[in-house]
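Residues per chain are reported as follows:
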Amino acid sequence: MVTTTSALFAVPEPLGMVDREAVSEAARAATLAQNRAGATRLEAAHVLVEQFARAEQAQAEEAQAEEAGAGSRRPAYARLDPEARARDHLVAACQLTCWHAARLVTAGTQIHRRLPRLRSTVDRGLLPELLAVDIACRLAEVPDAIVSVVEDEVVARFTDDLDGGDRPTRNAVDSAIDDAVERHDPAAAEDAAAAAAATRSVRFRGDRNGMATMWARLTAADAELLRRRIETDASAASEDGLDGSLDQLRADALAALAVYPPAGGPSATSPGSGSGPAPASEHDGIELGDVRLGADLPRPTLGNAARAGQPIRISVIASAARGLPNRVEFVHGTYSSVEWLCTELLEGDDASVRFELIDPAPGVLDSPEHALRYVITPAMAERIRMRDGTCRHPGCSVPAEACDVDHVIAFNKKDPELGGPTTEWNLVCLCRKHHREKTFGTNAYRSGPVGELVIITDTGHEHRTRPKGPLARARDAIWEREWNAFADRIVADDGTLINPPGQNPRRPWRRPA
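Residues numbered from 1 in each chain as written. Predicted model: local features only at pLDDT ≥ 70, side-chain atom pairs only at ≥ 80, totals over all residues. Heavy atoms only, no water.

## Comments concerning the overall build of the protein
Helix and strand content of the protein: 16 helices and 15 strands. Counting the 513 residues in the protein, one finds 34% classified as buried. Residue pairs at least 24 apart in sequence account for 59% of intrachain contacts in the protein once pairs closer than 6 positions are excluded. By element, 53% of the accessible surface of the protein is carried by carbon and sulfur atoms, the whole surface being about 30500 Å². (Helix = DSSP H or I, 4+ residues; strand = E, 2+ residues; numbered from the N terminus. Buried < 20%, exposed > 50% of the residue type's maximum accessible area, 1.4 Å probe, protein only. Contact = heavy atoms within 4.5 Å. Areas by Shrake-Rupley, 256 points an atom, 1.4 Å probe, with all protein chains shown as cover.)

Put into structure tokens, the structure is as follows:
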């Protein structure tokens, strides 16, 4: 039997046994329940911020009372932001990344503090959680003087769109709020544009199969200039018959921008360089600059990159002795093949290359002498970063080279033998925010022998992270191969255990004499 109301829809039978109308209503009811669950999450984020703020205030008052006699005061760096603490709590509790948890906290506090109409819409389940988060985070940038009228316009518009089955995209949300701000406060719109220009950035992240991904946030004018340059180079190469799709040629044109001119020589694309490149030109009023035409797009090489004044650094993890191929590991975690490296060194220009052979065995740099010293040697810090890859707090993706290397068990400067040693198993990478959280927060931290980090929150929840850097990946591959070899020695083809290990299971068994 199927029952339905305007609020809930129960389907005792499997969905495959009911008609399309019932299935559609069941999906709609599930969406409503999901939206209301999102409202609960947003409220929980807001309440967590308030609870952490009260706890921080109580802790500050207690510390101030204790230190009143000594005349000291709790330093500012020891005070933790309640929103940051709520974010870190939600990262582990809700299995979120730090970015998503930060947006959830921002949206929750905005909705419950300064966006009453949006809160009413969210509580009734009329807005999906992700859309509510997008709107609230964008409205957080709107000045208090006009946020109420902008909120009314945006919520009314998007609620009507959703009622008609048209869900707005994040770009549509940004455009609608920008238009409303510009109408009600043109000066604020100009300030927002200037603030946005300050967020320009470029990021790289290693990918699989020897590839990497690049994100760029540029001003619209700069992005258009770069796009026109890449399009012009790629189109010229395509017209001259260079193999590859236009997308591939665009990537080649972008990589060609990394080529440095010979020391003391003219640029490969400068006028009068002898190669006859096209002079600077304008298209639709946009100056493209010098462009290398033809199918000979310059390719960056190790030798050419060394002209920037930075030695090319190659780390090779020594796995060949254990039956695995060595891999060329770059500083940022991407990798390529040894064949690529050999080709670059044989065919490229003279390069300033520094090779490092890394022993993957845990603790090879540990020594009794350094274990009782607080200062971490550069070689040890570099090894920890290569092992961890990123900040080790759950959900945090800050690259290891931008992190602090910290003792899990605190080092005792007064009596080093009573504190945590400066050894590989007791060191982890933490970004500055999570380093402060560990030092001044209330969580407990415990390390494992090969880099595992266990975080126990003040609510009793236990969370684990494992290292994901190139050194950790090499260790995992070595241990997997050794385990498979051990399993092959003790497990027969039919799945039975071999006793003693290594005995040929096909030989007939004989009773001992």
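## Let's talk about the environment of Leu418
With respect to the helices, strands and loops of the structure, Leu418 is situated in the loop between strand E11 (404-407) and strand E12 (427-430). Leu418 sits 46 residues away from Leu372 along the chain, and the two C-alpha atoms are 9.7 Å apart.

## Details of helix H9 (residues 220-239)
With 20 residues, H9 should cover 28 Å at 1.5 Å per step; its first-to-last C-alpha distance of 28 Å lies within 8% of that length. Looking at H9, one finds that the buried residues are Arg228, Arg229, Ile230, Asp233, Ala234, Ala236 and Ala237. Downstream of H9 by a residue or two, Gly241 has a phi angle that is positive, lying close to 90°. (Expected span 1.5 Å × (residues − 1).)

## Re the side chain of Thr109
You can see Thr109 is positioned in helix H3 (residues 98-113). Its relative accessible area of 4% is what places Thr109 among the buried residues. Once residues within four sequence positions are removed from consideration, Thr109 is found in contact with His46, Val49, Glu83 and Arg114.

## Topic: the pairing of strand E3 (residues 201-206)
For E3 and strand E4 (residues 212-217), the ladder comprises 6 bridges, and the chain directions are antiparallel. Paired with Ser201 across the two strands is Arg217, which belongs to E4. (Pairing = 2+ DSSP bridges.)

## Digging into the packing of helix H7 (residues 170-184) against helix H8 (residues 186-197)
At their nearest, the axes of H7 and H8 sit 5 Å apart, and the two run at 130° to each other. Comparing their axes, H8 and H7 come out oblique. Between H7 and H8, the residues in contact are Val181, Glu182 and His184 and Pro186, Ala188 and Ala189, respectively. Split by residue class, the contact of H7 with H8 holds 4 nonpolar, 1 polar and 1 charged. (Axes fitted to C-alpha atoms, helices over the stretch in contact; angles between N-to-C directions. Parallel < 35°, antiparallel > 145°, perpendicular 65-115°, else oblique. Nonpolar A, V, L, I, M, F, W, Y, C, P; charged D, E, K, R; others polar.)

## So, the sheet that holds strand E14 (residues 453-456)
Spatially, E13-E14-E15 is the arrangement adopted by the 3 strands of the open sheet, whose pairing is antiparallel. Two strands bound the open sheet, and with one partner strand each, they are strand E13 (444-447) and strand E15 (462-465). Across the sheet, the axes of successive neighbouring strands diverge by a mean angle of 20°, strand direction being ignored. Pairing analysis gives 4 bridges linking E13 to E14, with the strands arranged antiparallel. Bridge pairing in E14 places Ala444 opposite Ile456.

## Some thoughts on the pattern of salt bridges
In the structure shown here, the tally under the stated rule is 28 salt bridges. In this structure, Arg103 engages Asp134 in a salt bridge whose closest nitrogen and oxygen atoms are separated by 2.5 Å. Here Arg103, found in helix H3, pairs with Asp134, found in helix H5 (residues 129-139); they are 31 residues apart in sequence, far enough to count as distant. With respect to class, Arg103 is no different from Asp134; both count as buried. Through salt bridges that share partners, Arg138, Glu141, Asp174 and Asp178 make up one connected network. (Salt bridge = Lys/Arg side-chain N within 4 Å of Asp/Glu carboxyl O.)

## Here we look at the packing of aromatic side chains
Under the counting rule described, the total for this entry stands at 1 aromatic pair. Its guanidinium or amino end placed over the ring of Trp215, Arg203 lies 5.2 Å from that ring's centre, counting from NZ or CZ. Lys413 extends its terminal NZ or CZ atom over the ring of Tyr374, reaching a point 4.4 Å from the ring centre. (Phe/Tyr/Trp six-rings, centres within 6.5 Å; stacked < 30°, edge-to-face > 60°. Lys NZ or Arg CZ within 6 Å of the ring centre and 35° of its normal.)

## Comments concerning the side chain of His463
For His463, the location among the structural elements is in strand E15. A residue is classified by how much of its surface remains accessible, and His463, at 16% relative accessible area, is buried. When residues no more than four places from it in sequence are discounted, the contact partners of His463 are Ala92, Ala93, Pro394, Leu453, Val454, Ile455 and Thr457.

## Let's talk about helix H4 (residues 116-123)
Taken together, the buried positions of H4 are Leu118, Thr121 and Val122. Buried residues along H4 cover an arc of 100° about the axis, so they all sit on one side. A positive backbone phi angle near 75° is found at Gly125, which sits one or two residues after H4. (Arc of directions from axis to C-beta.)

## Some thoughts on the nonpolar core
Note that soluble globular proteins tend to have their nonpolar side chains buried in a common cluster. Among the nonpolar cores identified, the biggest contains 57 residues, and Leu42, Leu118, Val122, Ile135, Val142, Val150 and Ile177 are the most heavily contacted of them. With 7 residues, H5 is the single largest residue contributor to this core. Setting aside chain neighbours within four positions, we find Ile135 in contact with Leu118, Leu127, Val154, Phe158, Val173 and Ile177. Listed in part, the 5 residues of the second largest apolar core include Ile317, Ile358, Met386 and Leu471. (Core = buried A, V, L, I, M, F, W, Y, C linked by side-chain atoms within 4.5 Å.)

## Examining the pairing of E13
The alternating pattern of E13 places Tyr445 and Ser447 on a buried face, while none of Ala444 and Arg446, on the opposite face, is buried. Hairpin connection of E13 to E14: 5 residues between the antiparallel strands, including Gly451 at a positive phi of 100°.

## Quick notes on the confidence of the model for the protein
Summing up the model confidence of the protein, the mean pLDDT is 78 and the portion of residues at 70 or higher is 73%. Mean pLDDT across the elements of the protein bottoms out in strand E6 (residues 286-287) (37) and peaks in H3 (95). Scored below 50 in pLDDT, residues 1-9 makes 16 contacts in the model with residues more than four places away or belonging to other chains. In this model, residues 265-295 is a region of pLDDT below 50 whose contacts with residues beyond four sequence positions or in other chains number 52 contacts. (pLDDT = per-residue confidence, 0-100.)

## Quick notes on a nonpolar patch on the surface
Among the surface-exposed residues, Val202, Phe204, Met214, Leu218, Leu226, Leu254 and Leu257 lie close enough to one another that they form a single nonpolar patch of about 580 Å² accessible area. Turning to its location among the elements, Phe204 is positioned in strand E3. (Patch = residues over 30% accessible without salt bridge, like charges linked within 9 Å, V, L, I, M, F, W, Y side chains within 5 Å.)

## Quick notes on the packing of helix H2 (residues 82-93) against H3
Close contact between H2 and H3 brings their axes to 8 Å; oriented N to C, the two are set at 125°. Relative to H3, the element H2 lies oblique. In this structure, H2 crosses over H3, and the sense of that crossing is right-handed. Residues Glu83, Ala86, Arg87, Leu90 and Val91 of H2 touch H3, and the partners they reach there are Cys98, Ala101, Ala102, Leu104, Val105, Thr109 and Arg113. Among the residues making up the contact of H2 with H3, the classes are represented as 8 nonpolar, 1 polar and 3 charged. (Left-handed = near helix turned anticlockwise from the far one by under 90°.)

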